[in-house]
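Inside the fold
Spelled out from the first residue to the last, the chains are:
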Amino acid sequence: MFPTPIEKSSRGWQLGYQGLLPVALIAWLLPLIAVAVFSMKPDVDFTAGNYWGVPSRFAGFENYAKVFFESDMPRYLMNSILITVPTVIGAVALSCMTGFALGIYRFRSNLWIFFMFVAGNFVPFQILMVPVRDLTLGLGLYNTKLGLVLFHVAFQTGFCTLFMRNFIRALPFELIEAARVEGVAEWRIFWFVVLPLMKPAIAALAVLIFTFIWNDYFWAVVLTQGVESQPVTAGITSFNAQYRAAYHLMSAGSIVAALPPVAMFFLMQKHFIAGLTLGAVK
Amino acid sequence: MTNAALPTAPDTRPRRRNAQAIAPWLFLAPGLLFFLFYVIFPVFQSFNLSLYKWDGLGTPEFVGLKNYRDLGSDRAFEVSLWNNVKWLVLYLLAIPGGLFIALFLNQTVRGIRLYKSLFFFPFVISQVVVGLVFSWFYDPTFGLLNVMLGWVGLGPINVLGDPALVTYGIIVAGLWPQTAYCMILYLTGLNAVDPEQVEAARLDGAKGWRMLWYVILPQLRPATFIAFVVTIIGALRSFDLISIMTNGGPFGSSRVLSFYMFEKALSEYGFRMGYGAAIAVVLFLIMLVFIAYFLWSMYRQERPR
């Protein structure tokens, strides 16, 4: 193990390390902690210039209640869910199939198609912006959740295919061979042999894509406009415009917007990290 | 796995072979069509569009390479391009930064798992929130940064209001989640480092830096490669933070190509789609250098199979 395990060092070092950990963590998360503190202060503290002093009283509940009951925030959150969940389902479903095709079959253009998915996934969004916006307008889907979902599904299919194909490549191929010898149809091999083995990959991709799409801002701004379709990342700017200089409410709003992917991460940590670090280990 | 995709021998009935030739295309069709439609074709459409003058409504007017010639004399474009270079170079600091934190946290004391997750935190929250958090952190009247500078008798500085500082200030905000990402890559990589090699090197007297450089880092190469890929892409895609923190200002000094393109194409003073597309093409060509390199590396890894 590297660096040398701390248990093997002197008692002093061990205590020093354990003392340093929380200090380092607080320093690392300081900007975030500041916002969390802000979100629990009453507004009089800000008008009185008491930014960093002790809050004059705890106002967390009323601040968050305001966000939830007196602003458009719940609608934005709902939009985010209605955009994110279908995208996750769509992208994972499509990429299970593309990953299966590219991971199992040998045909001449296999590697080229695979590389096309990979390359497309690296493309800067901006080069897609004008044509995709145009396309969405043409389909009559501008400023709809569906328009955003369709694009996200297509774009995420690139990354998901990379992920799924590599995962399927690592499965024992003998299973598929055995099934073929038995005369099992190809689609049944996919459904009954391969798909059950892909559960960990599906879980990992689902949490990753959830986070990516929830946090998307660029496409939300390009393809949607109003409270009826904008996800929370784009909505928070209008929220902030509404509560300009009301730092306690803006802070509470930001925390609410950030929370769902954080919860997802903590609940599905193992899958999340497995997905994110795929390929980091040989 | 070497014979992974060889045609299977036993079953030679023609129907069976046909099924195996058609099946991959049926499985590919939905995903591939979607991807072509929304990602691959638009790339070419943008190339084409960059040769036109178009306000997004009327008929596009063919102007040849005029958009690109105009870029040559556009000061704002030059500033954006230069800022992109800063982003590319400084963003790479996330890699050693992430490695450093990973080495710091690669211990087995109590509660370390929770520490690792909490250090990873910034990556999970959206860049929009990161941008807001940092713009308040930098705020000249109440930001924590100036409070802390005040303790040592410095400041106050207005990071986001100073054309000379603003890009660096935003890059620091971007480095926060990116470092967390690199950290998690390295933590996973360190987990897989061969303990026997480490012990052997220790017996040979390798320690500290030499151990890290000659024994550990070579084993972390896959993690470094991925960290490099995601950091380069992240640097060239930077948009959210700029849009949230400064909206390109002050005086356009924090723009990058991706932001400038957006601004031109969908500006309040009339859409310049063709000009925007030309900027996007330049950005794409920069990215293409890296994409080609990434694909080439992947291709070399695929060969041995």
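Being a predicted model, the structure only gives us computed values, none of them experimental.

So, on to the environment of A234(A). Residue and element names in this part refer to chain A. Its place among the elements puts A234 in helix 12 (residues 232-242). Between the C-alpha atom of A234 and that of E174, which follows or precedes it by 60 residues, the distance is 49 Å. Ignoring anything within four residues of it in the chain, the contact list for A234 reads Y217 and A220.

Residues and elements named next belong to chain A. Counting across every chain of the model gives zero disulfides over all chains. For the unlinked cysteine C96, the closest cysteine sulfur is that of C160, found at 8.9 Å. Accessibility expressed as a relative area gives 5% for C96, which makes it buried.

The next subject is the side chain of Q269(A). Its location among the elements puts Q269(A) in helix 14 (residues 269-276). Those residues in contact with Q269(A) that sit more than four places away from it in its chain are R113(B) and S117(B).

One frequent convention defines the size of an interface as the accessible area lost when the parts assemble. Counting residues at the interface gives 114 residues for chain B, matched by 113 residues for chain A. Summed over both sides, the interface between chain B and chain A buries roughly 10300 Å², with carbon and sulfur atoms accounting for 77% of that surface. Where chain B touches chain A, the interface holds zero salt bridges. Across the chain B-chain A interface, the total number found is 14 residue pairs in polar contact (both at pLDDT 80 or more). Classifying every residue of the side of chain B that touches chain A gives 86 nonpolar, 19 polar and nine charged.

What follows is about the UniProt feature "domain: ABC transmembrane type-1" (unreviewed entry) in chain A. Under the feature "domain: ABC transmembrane type-1" (unreviewed entry), the UniProt entry names residues 77-268 of chain A. From the first C-alpha to the last, residues 77-268 of chain A spans 20 Å; its make-up is 80% helix and 0% strand.

The next thing to look at is the pattern of salt bridges. Residue and element names in this part refer to chain A. On inspection of all chains with the given rule, the structure shows six salt bridges over all chains. Between R180 and E186 there is a salt bridge, with its nearest N and O atoms 3.1 Å apart. As far as burial versus exposure is concerned, R180 and E186 are alike and both buried.

Once that is clear, we can look at empty space enclosed by the protein. Applying the stated criterion across every chain yields a total of two cavities of 30 Å³ or more. If you add up the space inside the largest cavity, you get close to 60 Å³. Lining the largest cavity are P31(A), A34(A), V35(A), F38(A), W52(A), V133(B), W136(B), F137(B), F142(B) and L144(B). Among the secondary structure elements, those contributing two or more residues to the lining of the largest cavity are helix 1 (11-38) of chain A together with helix 6 (127-138) of chain B. The element that contributes the greatest number of residues to the lining of the largest cavity is helix 1 of chain A, accounting for four residues. Split by residue class, the lining of the largest cavity holds ten nonpolar, no polar and no charged. Listing elements by their share of the lining of the second largest cavity, those giving two or more residues are helix 4 (73-104), helix 7 (145-169) and helix 10 (199-214) of chain A. Considered class by class, the residues forming the lining of the second largest cavity number five nonpolar, four polar and one charged.

Basis of the calculations
- Residues numbered from 1 in each chain as written.
- Chains lettered and ligands numbered in written order.
- Predicted model: local features only at pLDDT ≥ 70, side-chain atom pairs only at ≥ 80, totals over all residues.
- Heavy atoms only, no water.
- Helix = DSSP H or I, 4+ residues; strand = E, 2+ residues; numbered from the N terminus.
- Contact = heavy atoms within 4.5 Å.
- Disulfide = S-S within 2.5 Å.
- Buried < 20%, exposed > 50% of the residue type's maximum accessible area, 1.4 Å probe, protein only.
- Buried area = accessible area lost by both parts, 1.4 Å probe.
- Salt bridge = Lys/Arg side-chain N within 4 Å of Asp/Glu carboxyl O.
- Polar contact = N/O pair within 3.5 Å; in protein donor to acceptor, adjacent residues only side chain to side chain.
- Nonpolar A, V, L, I, M, F, W, Y, C, P; charged D, E, K, R; others polar.
- UniProt positions renumbered as here; feature names shortened; annotations may be inferred.
- 1 Å grid on protein atoms, 1.4 Å probe; cavity = no way out; pocket = protein on both sides within 12 Å on 5 of 7 lines; lining within 4 Å.
- Points joined across faces, edges and corners; volume = space filled by probe spheres on them.

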